[in-house]
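# Summary of structural features
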Amino acid sequence: MAINYLYPDYEVIRNQQRCINCRVCERQCANEVHRYDEELKMMVSDESKCVNCHRCVALCPTRALKIVKTDNTFKENANWTGEAITDVYRQAGTGGVLLASMGTPKNYPVYWDRMLINASQVTNPSIDPLREPMETTTFLGQKSAKIRRNPDGSINTKTTPQLKLSVPVMFSAMSYGSISYNAHKSLALAAQKLGIFYNTGEGGLHEDFYQYGPNTIVQVASGRFGVHPGYLKAGAAIEIKMGQGAKPGIGGHLPGAKIVGDVSKTRMIPQGTDAISPAPHHDIYSIEDLRQLVFMLKEATNYEKPVIVKIAAVHNVSAIASGVARSGADIIAIDGFRGGTGAAPARTRDNVGIPIELALACVDRRLREEGIRNNVSIVIGGSIRNSADIVKAIALGADAVYVATSALIALGCHLCRTCHLGKCNWGIATQRPDLVKRLNPEVGSERLVNLINAWNHEIKEMMGGMGINSIEALRGNRLMLRGIGLTEKELQILGILHAGE
Amino acid sequence: MKRVYVNEQWCLGCHLCEYFCAFANSGQSDMARALKDAVICPRIKVEEHDGISFAVNCRHCTEPLCVKSCIAGALSVKDGLIVIDQDKCVGCFSCIMSCPFGALMPSDTGVMQKCELCTSNSAGKPACVQGCPNRAIVFEER
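So, about the packing of helix α11 (residues 387-395) of chain A against helix α14 (residues 441-465) of chain A. Residues and elements named next belong to chain A. For the pair α11 and α14, the least separation of the axes is 9 Å and the interaxial angle reads 50°. In terms of their interaxial angle, α11 and α14 are classed as oblique. The handedness of the crossing between α11 and α14 comes out as right-handed. For the pair formed by α11 and α14, the contact residues are Ser-387, Ala-388, Ile-390 and Val-391 on the first element and Trp-455, Glu-458, Ile-459 and Met-462 on the second. Here the contact of α11 with α14 is built from residues that sort into six nonpolar, one polar and one charged.

Have a look at this one:
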């Protein structure tokens, strides 16, 4: 190609005074940005290959490297931004759909940041979580609205199957194939240590991970990869994936290049074939059809495991959730449009769906109004970034949250958003053995355990500040939230007052 | 005794251990200054072949052949640790010939050098272990 329309996004800045030519940057970059010039006796870089993943920056022992955004600029234009122009160049060059990874980077409102949490003063004492008991254990599943008694008058404590979480956080679905064996193992080990759950995603469960079954949620998605009776029985719960926040309305496509070895075996499809998850489940075109699948799965597992139905947050999410709550599902998982993905068409990711905060508020209200809130637990995901987001989500009505991007960041992900290239330098979103080994699950699981434990401390601190000593008492407690800089309509949808009211 | 153990499953062949070793034994406080334009002579070496890599340094054997072979009495065992007195070493290479792991090597002054688990420099704990990004080298009791 004679004309290169695409100028590199980043520049690699090397402080030659600090560079000791140890070549760790060269050895660690799967994109082959760095190389040693024998004649010049110095390291040189080709920034056009750089994805800004910071592997070299983080491993450089003398901090000689930094990556900066290029200041090469197009003529200023508020409408035709540099990004809009280069997207056209890119598509004019390839004729293809633009692919992207992880959650949308677009500047949509983050409602978590426009809500403030209450605290006790004088009349309602706050609680010190270091001195007094504070309960973060959460049960997910259908709840009985009233107390049932046995013929002898004692309370009937038999419930439908429940998931018991030590913290109201779970690792959400990421398939083996989209992420590496070591990333999966890190999640599994951490879930086991923490007393929470991780989710297999739609790629089946590697035989090595059956031992973590009691902390595993097994997923059944439209491609039905790796689904067999042993798989369903292995997990603590079964999740039916109807949609994903990052790409509502479309399916998935794992390129044949990633279907190698154990991934092919685990997914139960031939090596090298593309793993295509259809957009819909071809046997589900109504809530009644969904109900059939829910009960098929319950039947297959002897009614011992709760069934989760995961949907993407879309415009009619409350009506859809109402249907799901009547389908026999035990838990609804709602995934907001800022949620992550290993690969999605960029236009879909950046333009389809609604924010999870609004979806959660309207679903919780709708289910309460219809008197079916106890039929299901609500788990939400789609960019939960910290413990304050969790506290706000629970106050808006969630029973627990799903985190995936945060978990990957804990494992080293730098959100370079090039998972779809399969060359993850951090050993997460790749199947290349030399890259996969960069993530030692012993280290990874420790970091995940640290993160969730830290969040648990913070959740307790914030609950204590509000004078609340259990997640139960915080759930749906919207009086604990106030909006800041929100319109009347937004406050109405969120069901909260404005700060000062 | 705590020793340095390697786990080739997690070794990335990044060679950082070699540079942290060279820095720890340089006696300097700034890594860039210590190693800029230097040809390093570390006491740990990454062996690589065919996609497999691992770092090798002194195993601190309970029956060390190097100590037995030393003609100058420069090598000795001190609380399980094999140490070298570089003033006594005559540079005969007998220890290099006898070590089954290739863990001794000539220093830039011509006499031998070996890993002493960072007990004789300012690092305190083995610098290679502290600098390993993937816990491929560990310092533990086994």
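Right, let's talk about the sheet that holds strand β20 (residues 481-483) of chain A for a bit. All names here are of chain A. Here we have three strands laid out as an open sheet, ordered β6-β20-β21, and mixed in their pairing. Every interior strand has two partners, whereas the edge strands, β6 (115-117) and β21 (497-498), have only one. Two elements, β6 and β20, share three bridges in a ladder whose sense is antiparallel. Counterpart to Ile-117 in the pairing with β20 is Leu-481.

Turning our attention to the confidence of the model for chain B. On average, residues of chain B score 93 in pLDDT, and 100% of them are at 70 or above. For this predicted complex, the interface confidence comes out at an ipTM of 0.92, alongside a pTM of 0.95.

Next up on the list: the sheet that holds strand β18 (residues 377-381) of chain A. Residues and elements named next belong to chain A. Strand order in the open sheet formed by eight strands is β9-β19-β18-β16-β15-β12-β11-β10, and the pairing between neighbours is parallel. Whereas interior strands pair on both sides, the edge strands pair on one side only; in this sheet they are β9 (169-171) and β10 (198-199). Direction of pairing for β10 relative to strand β11 (residues 216-220): parallel, over a ladder of two bridges. Paired with Asn-199 across the two strands is Ile-217, which belongs to β11.

This part is about empty space enclosed by the protein. Residue and element names in this part refer to chain A. Under the defined criterion, the tally for this structure stands at eight cavities of 30 Å³ or more. Roughly 200 Å³ of internal volume is contained in the largest cavity. What lines the largest cavity is a set of 19 residues, and nearest its centre among them are Cys-416, Thr-418, Cys-419, Cys-424 and Asn-425. Here the residues of the lining of the largest cavity are counted per class, giving 13 nonpolar, four polar and two charged. Counting the residues that make up the lining of the largest cavity, at least three belong to each of domain 1 (10-96) and domain 2 (128-143 + 165-474).

This part is about the layout of surface pockets. Residue and element names in this part refer to chain A. Of the pockets and cavities examined, the largest pocket occupies roughly 1,700 Å³. Along the walls of the largest pocket sit 46 residues, with Asp-9, Tyr-10, Thr-86, Asp-87 and Arg-90 positioned nearest its centre. Listed by contribution, the elements that provide at least two residues to the lining of the largest pocket are α3 (82-94), β5 (99-100) and α9 (346-351). In terms of residues, the lining of the largest pocket owes the most to one element, α3, which gives five residues.

All right, on to the pairing of strand β3 (residues 42-45) of chain A then. With four bridges connecting them, strand β2 (residues 34-37) of chain A and β3(A) associate as antiparallel partners. Bridge pairing in β3(A) places A:Asp37 opposite A:Met42.

Glancing now at α14(A). All names here are of chain A. Over its 25 residues, α14 runs 36 Å from end to end, which matches the ideal 36 Å to within 8%, given 1.5 Å per residue. Listed in full, the buried residues belonging to α14 are Pro-441, Gly-444, Ser-445, Leu-448, Val-449, Ile-452, Trp-455, Asn-456, Ile-459, Met-463 and Gly-464. Buried residues belonging to α14 abut β9, α4 (181-194), α11, β19 (400-403), α12 (405-410) and α15 (471-474). Capping of α14 at its N-terminal end is provided by Asn-440; its side-chain oxygen lies 3.0 Å from the backbone amide nitrogen of Glu-442. Positive phi appears at Gly-467, one or two residues downstream of α14, with a value of about 80°.

Residue and element names in this part refer to chain A. Summed over all chains, the structure comprises six aromatic pairs over all chains. Ring geometry for Tyr-5 and Tyr-89: centres 4.9 Å apart, planes at 40°, overall tilted. Linking Tyr-5 in the segment before β1 (10-14) with Tyr-89 in helix α3, this pair joins segments that are 84 residues apart in sequence. By relative accessible area, which is 44% here, Tyr-5 ends up partly exposed. Looking at Tyr-89, the relative accessible area reads 30%, which means it is partly exposed. Arranged with centres 6.4 Å apart and planes meeting at 50°, the rings of Phe-295 and Tyr-303 form a pair that is tilted. Residue classification places Phe-295 among the partly exposed positions, given a relative accessible area of 27%. Exposure remark for Tyr-303: the relative accessible area of 41% places this residue in the partly exposed category. A connected cluster of aromatic rings, assembled from ring pairs, spans Tyr-176, Tyr-181, Phe-209 and Tyr-212. Sitting over the face of the ring of Trp-426, Arg-55 holds its NZ or CZ atom 4.8 Å from the ring centroid.

Calculation rules
- Residues numbered from 1 in each chain as written.
- Chains lettered and ligands numbered in written order.
- Predicted model: local features only at pLDDT ≥ 70, side-chain atom pairs only at ≥ 80, totals over all residues.
- Heavy atoms only, no water.
- Axes fitted to C-alpha atoms, helices over the stretch in contact; angles between N-to-C directions.
- Helix = DSSP H or I, 4+ residues; strand = E, 2+ residues; numbered from the N terminus.
- Parallel < 35°, antiparallel > 145°, perpendicular 65-115°, else oblique.
- Left-handed = near helix turned anticlockwise from the far one by under 90°.
- Contact = heavy atoms within 4.5 Å.
- Nonpolar A, V, L, I, M, F, W, Y, C, P; charged D, E, K, R; others polar.
- Pairing = 2+ DSSP bridges.
- pLDDT = per-residue confidence, 0-100.
- 1 Å grid on protein atoms, 1.4 Å probe; cavity = no way out; pocket = protein on both sides within 12 Å on 5 of 7 lines; lining within 4 Å.
- Points joined across faces, edges and corners; volume = space filled by probe spheres on them.
- Domains from an automatic or database assignment.
- Expected span 1.5 Å × (residues − 1).
- Buried < 20%, exposed > 50% of the residue type's maximum accessible area, 1.4 Å probe, protein only.
- Polar contact = N/O pair within 3.5 Å; in protein donor to acceptor, adjacent residues only side chain to side chain.
- Phe/Tyr/Trp six-rings, centres within 6.5 Å; stacked < 30°, edge-to-face > 60°.
- Lys NZ or Arg CZ within 6 Å of the ring centre and 35° of its normal.

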